[in-house]
Structure formats: structure tokens, C-alpha cells
Amino acid sequence: MTEKEQLCRICLLPLDEYSMGEKNGYQLVACKTCGSVMVKPWIKQADLDKFFGDIQPEIVHLANPTARIWSLKKLIQKISPTVSGRRFLDVSCRQGYTVTAAKELGFQALGIDSHDFFIAFARDKFNADLFECVSMVEYATRLAQAEVIFSIESFCEQADPDAYMAALSKVLAPGGVLYLQEPDGNHFTLPRNFSRWAFVDPPLNFVYPSVKGMTALLDRHGFKIHRKLRHGARTVAADC
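Note that the structure is predicted; figures quoted are calculated from it, not measured.

**Q** Account for the sheet that holds strand S9 (residues 207-208), naming residues and giving values.
**A** What the four strands build is an open sheet, ordered S1-S2-S3-S9; its pairing is antiparallel. In the strand order of this sheet, the two ends are held by strand S1 (17-23) and S9, each with one partner. As paired strands, S1 and strand S2 (residues 26-31) are joined by five bridges and run antiparallel to one another. By the bridge assignment for S2, Glu17 is matched with Cys31.

In C-alpha cells, the structure reads:
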């Protein structure tokens, strides 16, 4: 076992673990230090690439995309009331609703996703120029920055959460806003049997940061949480 495999992937402290059961053939363990939950053994990027390459998911619209775009516009306005000249980046754009909402509000919007099937769907349904198939880490090697970055339920799918946060820090323009929304893997309302939580579905997702763990991850990369917004009892929402 390597040194990195002995650490919690979120707080990066030695992983003093305890079992949280299993799901889809994956063992689930929690970090006693920060409370985050993750699969064991850890899923690597090569494993994810093979999994998604084999299944090639077919993407469809949510039940009411118009309502989803409307609600996202309200959320974006709450996070960033000022629009003029602001660049907006959605780092896990999925069907493209958040990017479409930001564009309709007047932002210079771009959505990126490492999954080609999501990008193909978004380009087909919306303005193709607003979407690009590229990972966050790859995108961060460019000079481009954004004043507003949205990351909704993306950390739970990252093979390297620390590198992902470092990329977000590099891309966010000085004085910008990073909005995070992640399921809280240590919330008091979760089922006693963690694996019965409907959200848990490895390898589609495989790490569930606690508030304490996510705060530590943010701190390591120079972010401070300015305020928290509630979007259900299971969700951590941060305006950093």
C-alpha cells in the first residue's frame, strides 16, 4: 500500500477508518478524523475511464428542464447579483442547464465536463459553442479564468479531489466566487445503514465529503467559506 493510499482522500490525514458497509460490490469506509466516507480500495482514473467507456451512458433530459433552468437562474443571481463582464464556468456541466441559465442571465458562460456523452447531449440541445469536453485539471493548464465557478456534485466523482481543488483555485479569478454543492457524507439525517442512502452509487460516485473534510480541503487551497446556503438537509453549499 502506498503512502497516499493510507491517507483520507479529503482531509489528507492518516486514514483511521471504520466500516460503513458495502454497495455495488465496493467497500465503504469512513475517516474517523473528518467523517468523510469513501470506497476502498480507491477508484483510480483509469478504472473510471474503462467503466464509462464500456457502458457509454445514454443521456436524457430531466423531467422538467425548463423548471430546472429557472431554479438555477435564481440560485446564480443569489450567488452573483453582478453580471456585467463576468465569466462563468460550470465545471461539471452534465445536461447543460446551469450554463444555459447563466447565459440567459448575461454571463460569458462555458460548461466543461470530462464525459463526452454529457457534452454531446448539451451541444445537441443548446448552444454548442458553450460546451467543451475537458477535465478541470486539464482546463486549469490554460490561462483562462472565471469570476464565477459552479461545482455541483462533482467532488464525489473525483479520482484526485486534491488536484481538482487545486485546479479550481488556479482558474478562479481574483475576487471571484466559487460555489460548491456537495452531499454531506456525515449528516445526521443519513440512514444508519449508510449504504442504503439512495445517493450512494459507486462507481458513478465514490467519495462523500463531510462538512469538516470539505472545509479542510478548501483551506488547503486558500479558500474560506463566506456563507452557506441550504439546499436540503443532505447538501453542503458554500460560497467561497
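Alright, that's what it looks like, and here's the rest.
**Q** Account for the packing of aromatic side chains, naming residues and giving values.
**A** The geometry of an aromatic ring pair is captured by the separation of the ring centres together with the interplanar angle, meaning the angle of the planes. Applying the stated criterion to the full structure yields 14 aromatic pairs. Aromatic pair Phe88 and Phe150: ring centres 5.2 Å apart, planes at 40 degrees, arrangement tilted. Of this pair, Phe88 sits in strand S4 (residues 87-90) while Phe150 sits in strand S7 (residues 146-152); the two residues are 62 residues apart in sequence, bridging distant segments of the chain. What makes Phe88 buried here is its relative accessible area of 2%. Ring pairing ties together the aromatic residues Phe51, Phe52, Phe117 and Phe118, which thus form one cluster.

**Q** How would you sum up the pattern of salt bridges? Please name residues and give values.
**A** Tallied over the entire structure, the rule returns nine salt bridges. A salt bridge links Lys50 to Asp54, with the shortest nitrogen-to-oxygen separation between them at 2.9 Å. Here Lys50 and its partner Asp54 are both found in helix H1 (residues 45-55), four residues apart, which amounts to about one turn of the helix. Judged by its relative accessible area of 55%, Lys50 falls in the exposed class. Between Asp219 and Lys224 there is a salt bridge; the shortest N-O distance is 3.4 Å. Classification of Asp219 by relative accessible area gives partly exposed; the value is 37%.

**Q** Run through the pairing of S7, naming residues and quoting values.
**A** Where burial is concerned, most of S7 is hidden: seven out of the seven residues are buried. Here three bridges tie S4 to S7, and the two strands are oriented parallel to one another. Considered in S7, the bridge of Phe88 is made with Val148. Bridge analysis of S7 against strand S8 (residues 172-183) gives six bridges, and the strand direction is parallel. Directly across from Ile149, in S8, lies its bridge partner Leu178. At this point the chain moves from S7, through helix H6 (residues 161-171), to the parallel S8, and the crossover so formed is right-handed.

**Q** Which residues make up the packing of helix H2 (residues 65-79) against helix H3 (residues 97-105), and what values go with them?
**A** Orientation of H2 relative to H3, taken along the N-to-C sense of each, is 60 degrees, at an axis distance of 8 Å. Relative to H3, H2 is oriented oblique. Read as a crossing pair, H2 and H3 show a hand that is right-handed. Contact with H2, carried on its side by Pro65, Arg68, Ile69, Leu72, Lys73, Ile76 and Gln77, involves Tyr97, Thr98, Thr100, Ala101, Ala102, Glu104 and Leu105 of H3 and no other residues of that element.

**Q** Help me get a handle on the environment of Val91, residues and values and all.
**A** Structurally, Val91 is set in the loop between S4 and H3. Here Val91 falls in the buried class, since its relative accessible area comes to 5%. Between the alpha carbons of Val91 and Ser154 there is a distance of 7.9 Å; along the sequence they are 63 residues apart. If we skip the residues at most four places from it in the chain, Val91 touches Ile112, Met136, Ile149, Phe150, Ser151, Ser154, Tyr164 and Leu168.

**Q** Tell me about the side chain of Gln95, and name the residues and values.
**A** As for its position among the elements, Gln95 is in the loop between S4 and H3. Within polar-contact distance, the side chain of Gln95 engages the backbone oxygen of Val60 at 3.2 Å.

**Q** Give me the nonpolar core: which residues, what numbers.
**A** Cys8, Leu28, Cys31, Met38, Phe194 and Tyr208 are the most contacted members of the largest nonpolar core, which totals 28 residues. For this core, the elements supplying multiple residues, two or more each, are S2, strand S3 (37-40), H1, helix H4 (116-125) and S9. A total of four residues in this core trace back to one element, the largest contributor, which is S2.

**Q** Tell me about the pairing of S2, and name the residues and values.
**A** Linking S1 back to S2 in an antiparallel pair, the connection comprises two residues, with Asn24 at a positive phi of about 55 degrees. The pairing of S2 with S3 spans four bridges and is antiparallel. The residue bridging Ala30 from the neighbouring strand is Val37, located in S3. If you look at the hairpin formed by S2 and S3, you'll find five residues sitting between the two strands, and Gly35 has a positive phi there, around 90 degrees.

Conventions we followed
The numbers attached to residues start from 1 for each chain and follow its sequence in the written order. Thresholds applied to this predicted model are a pLDDT of at least 70 for local features of residues and 80 or more for the giving and counting of side-chain atom pairs; totals over whole chains, interfaces and linings are not thresholded and use all residues. Side-chain calculation: all heavy atoms of the structure are included, whereas hydrogens and water are not. DSSP calls a pair of strands paired once it identifies at least 2 bridges connecting them. Here a helix means four or more residues in a row that DSSP labels H or I, a strand means two or more in a row labelled E, and each is numbered from the N terminus. Centres within 6.5 Å are what make two rings of Phe, Tyr or Trp a pair, Trp counting through its six-membered ring; a difference in plane orientation under 30 degrees is then read as stacked, over 60 as edge-to-face, and the rest as tilted. Only protein chains enter the accessibility calculation, which uses a 1.4 Å probe; a residue whose area is less than 20% of its type maximum is buried, one above 50% is exposed, and one in between is partly exposed. Salt bridges are defined as contacts in which a side-chain nitrogen from Lys or Arg sits within 4 Å of a carboxyl oxygen from Asp or Glu. If the strands point away from the viewer and the path from the first strand over the helix to the second runs clockwise, then the crossover is right-handed. Between the N-to-C directions of two axes lies an angle of 0 to 180 degrees, each axis being a line fitted to C-alpha atoms and, for a helix, fitted only over the stretch in contact. Roughly parallel means an angle under 35 degrees; roughly antiparallel, over 145; roughly perpendicular, 65 to 115; everything else is oblique. The handedness criterion is simple: a crossing whose near helix is rotated anticlockwise from the far helix by less than a right angle is left-handed, and one whose near helix is rotated clockwise is right-handed. Contacts are assigned to residue pairs with any non-hydrogen atoms lying within 4.5 Å of each other. We call two N or O atoms a polar contact when they sit within 3.5 Å, provided that within protein one can donate a hydrogen and the other can accept it, with sequence-adjacent residues counted only if both atoms are side-chain atoms. Only buried Ala, Val, Leu, Ile, Met, Phe, Trp, Tyr and Cys residues count toward a nonpolar core, and they belong to the same one when joined by side-chain atoms within 4.5 Å.

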